[in-house]
Amino acid sequence: MRLIDALHPASSRIRPWTLFFAHPCLPLAQAEAHPDRHGTAEASAQQAIADHASEITDAYAVLKAPHSRATHLLELLGAPLDEDTGGEVLGPGFLMQVMEVREELEEAGSRTEVLRDLLEANQASIAELLEQLIPAFDDAAAADLERARMLTAQLQYLNKIDEEITKRLPVE
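Residues numbered from 1 in each chain as written. Predicted model: local features only at pLDDT ≥ 70, side-chain atom pairs only at ≥ 80, totals over all residues. Heavy atoms only, no water.

Let us now look at the overall build of the protein. Helix and strand content of the protein: nine helices and zero strands. Starting at the N terminus, the α and β elements of the protein follow one another as α-α-α-α-α-α-α-α-α. In the protein, which comprises 172 residues, the proportion classed as buried is 35%. The contacts of the protein with a sequence gap of at least 6 include a subset with a gap of at least 24, amounting to 70%. With the model as given, the accessible surface of the protein reaches about 10600 Å², and the carbon-plus-sulfur share is 54%. (Helix = DSSP H or I, 4+ residues; strand = E, 2+ residues; numbered from the N terminus. Buried < 20%, exposed > 50% of the residue type's maximum accessible area, 1.4 Å probe, protein only. Contact = heavy atoms within 4.5 Å. Areas by Shrake-Rupley, 256 points an atom, 1.4 Å probe, with all protein chains shown as cover.)

Here it is, written out as structure tokens:
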């Protein structure tokens, strides 16, 4: 059975993890659901297929980025992050680190070398955090999800810092 047939009901939305486990090769899933492959179908079927292809693309985007993937997992596990998630989850030590990095970023101005150093340090922090996040989700079934929530919230802050630094760096 092709993926397009297995997941086609137009009324059902694709959940990213369902798509991933049903079809681990997402680019192939995108190709199977591409509207051009169904040009002879009725107009309503073509619209449903186009909607389905869009859902696959959206699901792929969620799973591709570590932060959105972690956020989605938290939602599936019943412990979502929301806009009000703040200091109580992040902890004062992490918030202090973020403030210090932001101050360093402001002091750096447009000095490329300093910005590159800040970017390198921030990316190392992201990599370290991702290494901690994997076991936090592995243990999520046996324990509470607070550690996974905290690490995901921290990842969100580090990603924002990464974006800010990248915006300031000259395009090469």
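Let's pick the thread back up.
This brings us to the packing of helix H4 (residues 43-64) against helix H5 (residues 66-76). Two elements in contact, H4 and H5, have axes whose closest approach is 5 Å; the angle formed by their N-to-C orientations is 100°. Between H4 and H5, the interaxial angle falls into the category roughly perpendicular. The segment H4 lies against H5, with Ala61, Val62, Leu63 and Lys64 engaging Pro66, Ser68, Arg69 and His72. For the contact of H4 with H5, a count of residues per class yields four nonpolar, two polar and two charged. (Axes fitted to C-alpha atoms, helices over the stretch in contact; angles between N-to-C directions. Parallel < 35°, antiparallel > 145°, perpendicular 65-115°, else oblique. Nonpolar A, V, L, I, M, F, W, Y, C, P; charged D, E, K, R; others polar.)

Now for the pattern of salt bridges. Pairing between side chains of opposite charge can happen when their charged atoms approach one another. Summed over the entire model, instances satisfying the criterion amount to three salt bridges. Here glutamate 106 makes a salt bridge to arginine 168, at a shortest N to O gap of 2.8 Å. Within this pair, whereas glutamate 106 is found in helix H7 (residues 92-108), its partner arginine 168 is found in helix H9 (residues 146-168), the two being separated by 62 residues in sequence. Of the residues examined, glutamate 106 reaches a relative accessible area of 55% and is grouped as exposed. (Salt bridge = Lys/Arg side-chain N within 4 Å of Asp/Glu carboxyl O.)

Okay, the nonpolar core next. In summary, soluble globular proteins display a tendency toward joint burial of nonpolar side chains. Core analysis: the biggest nonpolar cluster contains 25 residues, and Leu115, Leu133, Phe137, Leu158 and Ile165 have the highest contact counts within it. At the level of secondary structure, the elements contributing two or more residues to this core comprise H5, helix H6 (87-90), H7, helix H8 (112-138) and H9. At eight residues, the largest contribution of residues to this core is made by H8. Excluding residues that lie within four positions of it along the chain, leucine 133 makes contacts with Ala70, Ala148, Leu151, Thr152 and Leu155. (Core = buried A, V, L, I, M, F, W, Y, C linked by side-chain atoms within 4.5 Å.)

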